[in-house]
Amino acid sequence: MPKKSDEPTPPGVDWDAAAPAFDDEPDHGLRDPEVRAAWARRLRTWLPERGCAVLDLGCGTGTLSLLVAEQGHRVTGVDLSPPMIDLARAKLAGHDAVFLLGDAAAPPVGGQRFDALLVRHVLWTLPDPARVLRHWRGLLRPGGRLVLVEGVWGTVTPVGIPADRLTALLAPLAGNTRVERLSDDARLWGGEVEDERYAVVATV
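As the structure is a prediction and not an experimental result, all values here were calculated from the model.

Peer 1: Whenever I open this one, the side chain of Q71 confuses me. Can you help?
Peer 2: Here Q71 shows up in the loop between α4 (63-70) and β2 (74-79). Once you skip the residues sitting within four places of it in the chain, Q71 turns out to touch A40, L43, R44 and R50.

Here you go:
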């Protein structure tokens, strides 16, 4: 998960070790009320109406899962890190949420189908995004939504996935795709950012 600065976190980071301090980043823990409210507003426009089944892939400590649950949705979160999953379960105790240990690229959800898949800063780390997107599409009910928050970080050796590449990958999979630029909304990140950050909402 990239930090607020333009220095990305490498894909090989030890997420188990990072879990205790993960929420210290403004856009991870959403502890600042203004940052939290900014993400909540965006989620309301990205997700279907209240009462839907949402799959949060690479859910980390469950911060976005909590916002989704507070908006009346049923949440299933998936993450590879047991400490992250433990923190997510504690954070959402009492909510309509289930957290599973597993790979975001091939989540262990069996034959379940969802109304929306929420994925933040995960796709760019995966070796075959096109294949993963096809798999994720198969987890959605007809008319479901892929909500993908991604970006490109760094200037000398940038990493990430540009918005135009992601929309091209989605073209054969989705009937309707829109891109929202997020870089200029400092409230989402706890401060100004200069790199490319965006959300793609695709309806299948």
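Peer 1: I'm lost on the nonpolar core in this one. Help?
Peer 2: As a rule of thumb, nonpolar side chains are buried together in soluble globular proteins. Counting residues in hydrophobic clusters, the biggest one holds 31 residues, and the most contacted among them are L117, W136 and L166. Put simply, the parts of the chain that give this core at least two residues each are β1 (53-57), β4 (114-120), α6 (129-137), β5 (140-153), α7 (163-170) and β8 (196-203). The leading source of residues in this core is β5, at four residues. If sequence neighbours within four positions are ignored, L117 has contacts with L55, L57, W136, L139, L140, R145, L146 and V147. V54, V68, A69 and V149 belong to the second-largest nonpolar core, a separate cluster that totals 30 residues.

Peer 1: Please clarify how the environment of L118 should be interpreted in this entry.
Peer 2: Here L118 lies in strand β4. Put simply, L118 and S65 are 53 residues apart on the chain and 8.9 Å apart in space, counted from C-alpha to C-alpha. Not counting residues up to four positions away in its chain, the partners in contact with L118 are L43, V54, L55, D56, L57, L64, V68 and V147.

Peer 1: Help me out: how do you make sense of the pairing of β5 in this one?
Peer 2: β5 sits mainly inside the fold: 10 of its 14 residues count as buried. Here six bridges tie β4 to β5, and the two strands are oriented parallel to one another. Looking across to β5, one finds that F114 is bridged to L140. This β-α-β element, β4 to α6 to β5, shows right-handed connectivity. Bridge analysis of β5 against β8 gives eight bridges, and the strand direction is antiparallel. When the bridges of β8 are listed, L146 appears paired with A202. With two bridges joining them, β5 and strand β6 (residues 159-160) adopt antiparallel strand pairing.

Peer 1: Hey, could you run me through helix α5 (residues 82-91) in this one?
Peer 2: In an α-helix, one turn spans 3.6 residues; hence positions three or four apart end up facing the same way. Restricting attention to buried positions, one finds in α5 the residues M84, I85 and A88. The buried side chains of α5 occupy one side of the element, clustering within an arc of 95° when seen end-on.

Peer 1: Mind showing me how you'd approach the packing of aromatic side chains here?
Peer 2: When we look at a pair of aromatic rings, we describe it by the centre distance and by the angle of the planes. Tallied over the entire structure, the rule returns three aromatic pairs. Measuring from ring centre to ring centre gives 5.4 Å for W124 and W153, while their planes differ by 50°; the resulting arrangement is tilted. Of this pair, W124 sits in the loop between β4 and α6 while W153 sits in strand β5, and the two are 29 residues apart along the sequence. The same class applies to W124 as to W153, namely buried. An aromatic cluster is built from W39, W46 and W189, whose rings are joined through pairwise contacts.

Peer 1: Sorry if this is basic, but what is going on with the packing of helix α3 (residues 33-46) against α4 here?
Peer 2: Think of two packed helices as two axes; the pair is described by the angle between the axes and how far apart they sit. Remark: α3 packs on α4, axes separated minimally by 10 Å, with the N-to-C direction vectors making an angle of 60°. The pairing of α3 with α4 is recorded here as oblique in orientation. Considering how the two elements wind past one another, α3 and α4 form a crossing that is right-handed. Of the residues in α4, those touching α3 at R36, W39, A40 and L43 are L64, L66, L67, V68 and E70. A breakdown of the residues in the contact of α3 with α4 according to their chemical character gives seven nonpolar, no polar and two charged.

Cut-offs used in this document
- Residues numbered from 1 in each chain as written.
- Predicted model: local features only at pLDDT ≥ 70, side-chain atom pairs only at ≥ 80, totals over all residues.
- Heavy atoms only, no water.
- Helix = DSSP H or I, 4+ residues; strand = E, 2+ residues; numbered from the N terminus.
- Contact = heavy atoms within 4.5 Å.
- Core = buried A, V, L, I, M, F, W, Y, C linked by side-chain atoms within 4.5 Å.
- Buried < 20%, exposed > 50% of the residue type's maximum accessible area, 1.4 Å probe, protein only.
- Pairing = 2+ DSSP bridges.
- Right-handed = clockwise from strand over helix to strand, strands pointing away.
- Arc of directions from axis to C-beta.
- Phe/Tyr/Trp six-rings, centres within 6.5 Å; stacked < 30°, edge-to-face > 60°.
- Axes fitted to C-alpha atoms, helices over the stretch in contact; angles between N-to-C directions.
- Parallel < 35°, antiparallel > 145°, perpendicular 65-115°, else oblique.
- Left-handed = near helix turned anticlockwise from the far one by under 90°.
- Nonpolar A, V, L, I, M, F, W, Y, C, P; charged D, E, K, R; others polar.

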